[in-house]
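Overview (structure and organization)
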Amino acid sequence: MKKLNALVAACFFVCFVGAVSASEKIRVAFVSPVPGFAPAWIAKETGMFARQGLDAEVILLTGSPRLVQSLIAGDVDYAIVGATATMRARMRGADVAILATTTNVSSQKLLVGQKSGIRRLEDLKGRVVGVSQYGSEADAFARIVAGKAGLRADKDVAIIQLGGHPQVAAALVAGKIEAGVIGGLAFLTAQKSGAVVLATAVDLQTVSLGPAVAVTGRSIQRSRDSVMRFMRAFVEAFQYLRTNREGTIPIVQKYMGGIGVEQARFLYDDYLPLFEELPVPREKGLQAAVDLETDPKAKSFKPADFVDLSFLKEIDRSGQVEKLYRK
């Protein structure tokens, strides 16, 4: 009997070790600690990645252009990143594709200093607008705002990069710049310090892709099954994000540096209206990003050139989405 028990235990151990070793290690990087990037956090913390056989390391890597470069270099397997930077890389010949996007409306907001004298978009003429990085979603939104006011970006309005949203907020509060495009917790910080919201993407009724799931073509070719499992976990996490506020709040707090419950709830509620039922990148948002490009070569690209929707379509056909919505 002892030998039998030992044999059973040994078999169990071998099976257990085999199951653990079978988990595929992946690196998932997100560009900013704001709720729009939360599906990756949720999939990690709730075990959704693990249930798909993925041992995911989820890391913060700021700056969309920088993160896309890391994706192309193979330093990360998946990037939850600004769509504009991904599309720009594709236009320049990089083999990258957008698989999904959490929003089709930008969460960025244009704030101005109380003493700036800026009351209308037209008042931005001759002023300096701070953004996180050139090629980021903040940069794209600044250029959209300029266009809405009939102004030319970099000519009528000076756009400067400051490194990140916290840096933009700090410069705005200190009076070093008169206007800045800010998102996330930095927006709350700037607003509490007296900065005033002049415009949002929702106010201007602009279509602009938010956080996008990007992957390289070589990853899809090497292991389509792995990418599919990643996307199944992502879609499940996206639905959790939309429908489970109280479950999401602690996860948001953790990945945003231990912020308070009140701050986490504010940010979640600020983002919630932006989420659609499915994380599908809309053609209008893709085309809007192309239209902002000044390089004549950009005009030869169509929205379909930047996306691979086959994974979302397969998930939809499988009935996973319908099952999630019945929960």
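The text that follows walks through the structure, step by step, so that each part is easy to find. Along each chain, the written sequence defines residue order, and numbers are assigned to residues from 1. Selection of residues for local features in this predicted model requires a pLDDT of at least 70, selection of side-chain atom pairs for listing and counting requires 80 or more, and totals for whole chains, interfaces and linings are taken over all residues. Note that the side-chain values use all heavy atoms of the structure and ignore hydrogens as well as water.

Quick word on the packing of aromatic side chains
We count it as follows: By convention, a stacked pair of Phe, Tyr or Trp rings (six-membered ring in the case of Trp) has centres within 6.5 Å and planes under 30 degrees apart, an edge-to-face pair has planes over 60 apart, and any other such pair is tilted. Under the scheme used here, helices are H or I runs from DSSP no shorter than 4 residues and strands are E runs no shorter than 2 residues, and both carry numbers assigned from the N terminus. Only protein chains enter the accessibility calculation, which uses a 1.4 Å probe; a residue is then buried when its area is under 20% of its type maximum, exposed when over 50%, and partly exposed in between.
All told, the structure shown has 10 aromatic pairs when counted by the stated rule. Measuring from centroid to centroid gives 6.3 Å for Phe30 and Tyr255, while their planes differ by 70 degrees, and the two rings are edge-to-face. Residue Phe30 is located in strand E1 (residues 24-30), and its partner Tyr255 is located in helix H11 (residues 245-255); the two are separated by 225 residues in the primary sequence. Relative to Phe230, the ring of Tyr78 lies with its centre 3.8 Å away and its plane at 0 degrees, an arrangement referred to as stacked. Within this pair, whereas Tyr78 is found in strand E3 (residues 78-82), its partner Phe230 is found in helix H10 (residues 224-243), the two being separated by 152 residues in sequence. Here Tyr78 falls in the buried class, since its relative accessible area comes to 4%. Among the aromatic side chains, those forming a connected cluster through ring pairs are Phe49, Tyr78, Phe230 and Phe234.

Side note on the pattern of salt bridges
We count it as follows: Salt bridge, as used here: a side-chain nitrogen of Lys or Arg that lies within 4 Å of a carboxyl oxygen of Asp or Glu.
Counted according to the given criterion, the structure contains 17 salt bridges. With a closest N to O distance of 3.1 Å, Glu45 and Lys254 form a salt bridge. You can see Glu45 sitting in helix H2 (residues 38-45) and its partner Lys254 sitting in helix H11, a full 209 residues away along the chain. Lys254 sits in the exposed class, given a relative accessible area of 53%. Note that Arg265 and Glu246 form a salt bridge whose closest N and O atoms lie 3.4 Å from each other. A residue pair is termed long-range when its members are at least 10 positions apart, and Arg265 in helix H12 (residues 261-271) and Glu246 in helix H11 qualify at 19 residues. Each of Arg245, Glu246, Arg265 and Asp269 takes part in salt bridges that share partners, so that together they form one network.

Description of helix H5 (residues 83-91)
Note the following rule: In what follows, residue pairs with any heavy atoms lying within 4.5 Å of each other are defined as contacts.
In terms of residue burial, H5 counts as a mostly covered element, since seven of its nine residues are buried. Buried within H5 we find Ala83, Thr84, Ala85, Thr86, Met87, Ala89 and Met91. Those residues of H5 hidden inside the fold are in contact with helix H4 (64-73), E3, strand E4 (96-101), helix H6 (137-148), strand E10 (211-216) and helix H13 (283-292). Gly93 sits one or two positions beyond H5 and adopts a positive phi of about 105 degrees.

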